[in-house]
Amino acid sequence: MTHPSHFLAVLLFALFASTVFGITMRDTPPKMFRYGAYCFVLFVGSVIVFSWVMFLIAR
Amino acid sequence: MATTPNKPAPPKASEKGLVYFPLIAGWLVPGAGHFLLGKWIRGTLLAVSIIAMFAVGLAMQGQLHTSAQDLLDVLGMAGDLGNGLLYFLGRAAGWGTQPVQTTVADYGTKFIVVAGLLNIIAAVDAHNLRTGRKS
């Protein structure tokens, strides 16, 4: 059984999903890599932003 | 003025044979559609990502949807079915049957569903490569 932290789960989710998005949504390897990295940053960045928003709302 | 009748264009080389074979193979085994088309690196990355996501979901004590009692179960099962043979292998082996009791296990259930949805995207991508819609 694996019990990763919530943030590690987010990183794994973002990594796997971004890899598939990058390969399937673009035509050439450089564009695939750029789009995959873009999706990864958006996934992780949005999680961090919304986590802070929820933290501030809950105070 | 006489006009020449529109003849159907002869099939391109990319349209001959079993057009849906990469789609079905890609659904059954993650990455297999790309392997059939000779896209080895793309296929390997897709296979590793999807199989790892499925495996991590199970390792997090995620649940495989086995029944369709309500709408959410139906949607979850549809997502799980996207994993193709992985789903049927998991059902046969009895994986993912324990009830979800922790937050991480709930995340694991979502990992399995999303792995199935990503596999469907990958299979459709293989189909687009096969038909020449994508290079």
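Trainee: For helix α5 (residues 85-93) of chain B, give the residues involved together with the corresponding values.
Mentor: Residue and element names in this part refer to chain B. Taken together, the buried positions of α5 are L86, Y87 and G90. For α5, the buried positions fall inside an angular range of 100° around the axis, keeping them on one side. The inward-facing, buried residues of α5 contact α1 (21-28), α3 (40-59) and α4 (71-81). G94 lies just past α5 and shows a positive phi near 75°.

Trainee: How would you sum up the nonpolar core? Please name residues and give values.
Mentor: The tendency in soluble globular proteins is for nonpolar side chains to be buried side by side. Counting 21 residues, the largest nonpolar core has I50, M53, F54, M60, L64, F111 and L118 of chain B as the members making the most contacts within it. Ignoring anything within four residues of it in the chain, the contact list for L64 of chain B reads F54, L58, D80, Y87, G90, R91, W95, G96 and I112 of chain B.

Trainee: Please give an account of the interface of chain B and chain A that cites residues and values.
Mentor: At the interface, 22 residues of chain B touch 19 residues of chain A. Our count for the chain B to chain A interface comes out at zero salt bridges. Linking chain B to chain A there are five residue pairs in polar contact (both at pLDDT 80 or more). For the side of chain B that touches chain A, the secondary-structure elements that each account for two or more residues are α3 and α6 (103-131) of chain B. Across the side of chain B that touches chain A, the residue classes tally to 15 nonpolar, four polar and three charged.

Trainee: Which residues make up the packing of α4 of chain B against α6 of chain B, and what are the values?
Mentor: Residues and elements named next belong to chain B. Contact geometry of α4 with α6 gives a least axis separation of 6 Å together with a crossing angle of 55°. In terms of their interaxial angle, α4 and α6 are classed as oblique. In the crossing of α4 with α6, the sense of the turn from one axis to the other is left-handed. Along the contact surface, α4 presents G76, G79 and D80, while α6 presents I112, V113, G116 and L117. Of the residues that constitute the contact of α4 with α6, the class distribution is three nonpolar, three polar and one charged.

Trainee: Give a detailed account of the pattern of salt bridges, specifying residues and quantitative values.
Mentor: Residue and element names in this part refer to chain B. All chains considered together, the criterion is met by two salt bridges over all chains. Between K110 and D106 there is a salt bridge whose closest N-O contact spans 2.9 Å. Pair noted here: K110 and D106 are both in helix α6, with a separation of four residues, about one helical turn. In this structure D106 comes out as partly exposed when scored by relative accessible area, which is 33%. The salt bridge partner of K134 is D125, with a shortest N-O separation of 2.6 Å. According to the relative accessible area criterion, D125 is buried, its value standing at 2%.

Analysis parameters
Residues numbered from 1 in each chain as written. Chains lettered and ligands numbered in written order. Predicted model: local features only at pLDDT ≥ 70, side-chain atom pairs only at ≥ 80, totals over all residues. Heavy atoms only, no water. Buried < 20%, exposed > 50% of the residue type's maximum accessible area, 1.4 Å probe, protein only. Helix = DSSP H or I, 4+ residues; strand = E, 2+ residues; numbered from the N terminus. Arc of directions from axis to C-beta. Contact = heavy atoms within 4.5 Å. Core = buried A, V, L, I, M, F, W, Y, C linked by side-chain atoms within 4.5 Å. Salt bridge = Lys/Arg side-chain N within 4 Å of Asp/Glu carboxyl O. Polar contact = N/O pair within 3.5 Å; in protein donor to acceptor, adjacent residues only side chain to side chain. Nonpolar A, V, L, I, M, F, W, Y, C, P; charged D, E, K, R; others polar. Axes fitted to C-alpha atoms, helices over the stretch in contact; angles between N-to-C directions. Parallel < 35°, antiparallel > 145°, perpendicular 65-115°, else oblique. Left-handed = near helix turned anticlockwise from the far one by under 90°.

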